[in-house]
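Inside the fold
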Amino acid sequence: MPELPEVETVRRGLAPVMEGQRIALARVNRPDLRWPFPERMAERLTGARVERLRRRSKYILADLDTGETLLIHLGMSGRMLVSGDALGRFVHDHPAPEKHDHVVFDMADGARVTFNDPRRFGAMDLMGTETAETHPLLAALGPEPLGNAFSESHLVAALKGRNMPVKSALLDQKIVAGLGNIYVCEALFRAGIHPGRRVSRISEKRLAALVPVIRQVLAEAIEAGGSSLRDFRQADGELGYFQHSFDVYGREGQSCRTPGCTNTVHRIVQSGRSSFYCPGCQR
Ligand SMILES: [Zn+2]
């Protein structure tokens, strides 16, 4: 499942082919993904120019010159493919249409953007740009983890009086937007905090220290995604999935990477999801 760094990598990969470009033809090949598409979506997108491509949490938002904003959510298995000849540079041949190509944008300059989603947990919606922040998927979101509003004082205040495990708190999208299982596990490892520790039993100083650690973990992953973008023209045109090495995530039974630590990485299940941690380094 794509997390914030993967979505940001998709956004950065799409920006050069979509920003400032007109959608010459939008094709919508089925009535719905996770939810029905908005009415007349293809007609409302065809001819529109993409003014800006931005990200909020794990959603990509395309502000159009029609006064509307297109929301794109990759869901569990959504993939974005770029093909064709864009900006005078050959990118990739248009692939043969596939079964799960649900939405296709032919950009005015010849590039094609294809949204493929076998499991259809993804979503697209259209809303007025002026009122985008009130969309049901966006309205309750907390601050962006890489933005200024996600400060040490914000996190300490948001967790004050709470008694939930710290991992659940960081996955709460109202406290901080866009964090998922992988990067919460990695951030807690770096901060030396056990994922099951109750928020009320962690000092304010240690809670505050999570903020720079979360930013660092995400920034490193986005950097890894950036390297994958530099290579993607030689690959198959698929954006957003890249090789990234984790300290604890997916490493159950393997040696802890902290120098001098002789423990192995453990896995526990919290709220139905795997948490990976080192029992020696995380308290
Ligand atoms: Zn360790």
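To be clear, the structure that these remarks concern was listed above.
What counts and how
- Residues numbered from 1 in each chain as written.
- Predicted model: local features only at pLDDT ≥ 70, side-chain atom pairs only at ≥ 80, totals over all residues.
- Heavy atoms only, no water.
- Helix = DSSP H or I, 4+ residues; strand = E, 2+ residues; numbered from the N terminus.
- Rg over C-alpha atoms; globule rule 2.2 N^0.38 Å.
- Buried < 20%, exposed > 50% of the residue type's maximum accessible area, 1.4 Å probe, protein only.
- Contact = heavy atoms within 4.5 Å.
- Lys, Arg positive; Asp, Glu negative; His and termini not counted.
- Charge placed at Lys NZ, Arg CZ, Asp CG, Glu CD.
- Axes fitted to C-alpha atoms, helices over the stretch in contact; angles between N-to-C directions.
- Parallel < 35°, antiparallel > 145°, perpendicular 65-115°, else oblique.
- Left-handed = near helix turned anticlockwise from the far one by under 90°.
- Pairing = 2+ DSSP bridges.
- Donors = N, O, S within 2.8 Å, 3.2 Å for Na, K, Ca; no water.
- Tetrahedral: all angles 85-135°; square planar, octahedral: opposite > 155°, others 65-115°.
- Salt bridge = Lys/Arg side-chain N within 4 Å of Asp/Glu carboxyl O.
- Patch = residues over 30% accessible without salt bridge, like charges linked within 9 Å, V, L, I, M, F, W, Y side chains within 5 Å.
- Areas by Shrake-Rupley, 256 points an atom, 1.4 Å probe, with all protein chains shown as cover.

**Some points on the overall build of the protein**
Tallying secondary structure elements over the protein gives six helices and 12 strands in all. By the compact-globule yardstick of 19 Å for 283 residues, the protein fits well, its C-alpha radius of gyration being 20 Å. The principal-axis extent of the C-alpha atoms belonging to the protein is close to 55 × 40 × 30 Å. The buried share of the protein, reckoned over its 283 residues, is 52%. Long-range contacts, defined as pairs at least 24 residues apart, comprise 67% of the intrachain contacts of the protein with a sequence gap of at least 6. The distance from the centre of the 38 positive side-chain charges to the centre of the 33 negative ones in the protein is 8 Å.

**Examining the packing of helix 1 (residues 4–18) against helix 6 (residues 204–231)**
The N-to-C vectors of helix 1 and helix 6 enclose an angle of 40°; their axes lie 9 Å apart at closest approach. Between helix 1 and helix 6, the crossing angle belongs to the class labelled oblique. As helix 1 runs across helix 6, the sense of the crossing is right-handed. Where helix 1 approaches helix 6, its residues Leu 4, Pro 5, Glu 8, Thr 9, Arg 12 and Gly 13 are matched on the opposing element by Leu 218, Ala 221, Ile 222, Gly 225, Ser 228 and Leu 229.

**Remarks on the pairing of strand 11 (residues 266–270)**
Pairing analysis gives five bridges linking strand 11 to strand 12 (residues 273–277), with the strands arranged antiparallel. Residue Arg 267 lies in a different strand from strand 12, and its bridge partner there is Phe 276. With antiparallel pairing between neighbouring strands as the criterion, strand 11 and strand 12 make up a hairpin whose turn holds two residues, including Ser 271 at a positive phi of roughly 50°.

**A few points about the coordination of the zinc ion**
Ligation of the zinc ion by protein atoms is provided by Cys 256 (SG), Cys 261 (SG), Cys 278 (SG) and Cys 281 (SG), these donors lying 2.2 to 2.4 Å from the ion. Around the zinc ion sit four donor atoms, and with donor-metal-donor angles ranging over 105 to 113° the site reads as tetrahedral. One chain supplies every donor for the zinc ion, spaced along it as C-x4-C-x16-C-x2-C. Residue Cys 256 shares its accessibility class with Cys 261, and that shared class is buried.

**Some words on the sheet that holds strand 2 (residues 50–56)**
Taken together, four strands build an open sheet; the order of strands is 2-3-4-9 and the sheet is antiparallel. Lying at the two open borders of the sheet, with one neighbouring strand each, are strand 2 and strand 9 (123–128). Shown here is a sheet whose adjacent strand axes are inclined to one another by a mean of 20°, direction ignored. The pairing of strand 4 (residues 68–73) with strand 9 spans six bridges and is antiparallel. Bridge pairing in strand 9 links Ile 72 to Met 124. Sheet contacts for helix 1: strand 2 and strand 3 (59–64); angle to strand 2, the most-contacted strand, approximately 175°.

**Quick look at the pattern of salt bridges**
One pass over the full model with this rule turns up 20 salt bridges. Here Glu 51 makes a salt bridge to Arg 49, at a shortest N to O gap of 2.9 Å. By relative accessible area, Glu 51 is classed as partly exposed at 40%. Within this structure, Glu 8, Arg 11, Arg 12, Arg 55, Arg 56 and Glu 144 form a network of salt bridges that share partners.

**Remarks on a nonpolar patch on the surface**
Taken together, the side chains of Met 1, Met 76 and Phe 121 define a hydrophobic patch exposed on the protein surface, amounting to about 280 Å² of accessible area. Tracing the chain through its elements places Phe 121 in the loop between strand 8 (111–116) and strand 9. Looking at Phe 121, the relative accessible area reads 33%, which means it is partly exposed.

**A word on the pairing of strand 4**
In terms of burial, strand 4 is largely enclosed, as six of its six residues are buried. Residue alternation in strand 4 divides its side chains into two sets, Glu 68, Leu 70 and Ile 72 and Thr 69, Leu 71 and His 73, and both sets are buried. In this structure, strand 3 lies alongside strand 4, joined through five bridges in antiparallel fashion. Each residue of the ladder has a partner; that of Ile 60, found in strand 4, is Ile 72. Hairpin geometry of strand 3 and strand 4 is characterised by an intervening segment of three residues between the two adjacent antiparallel strands and by a positive phi of about 90° at Gly 67.

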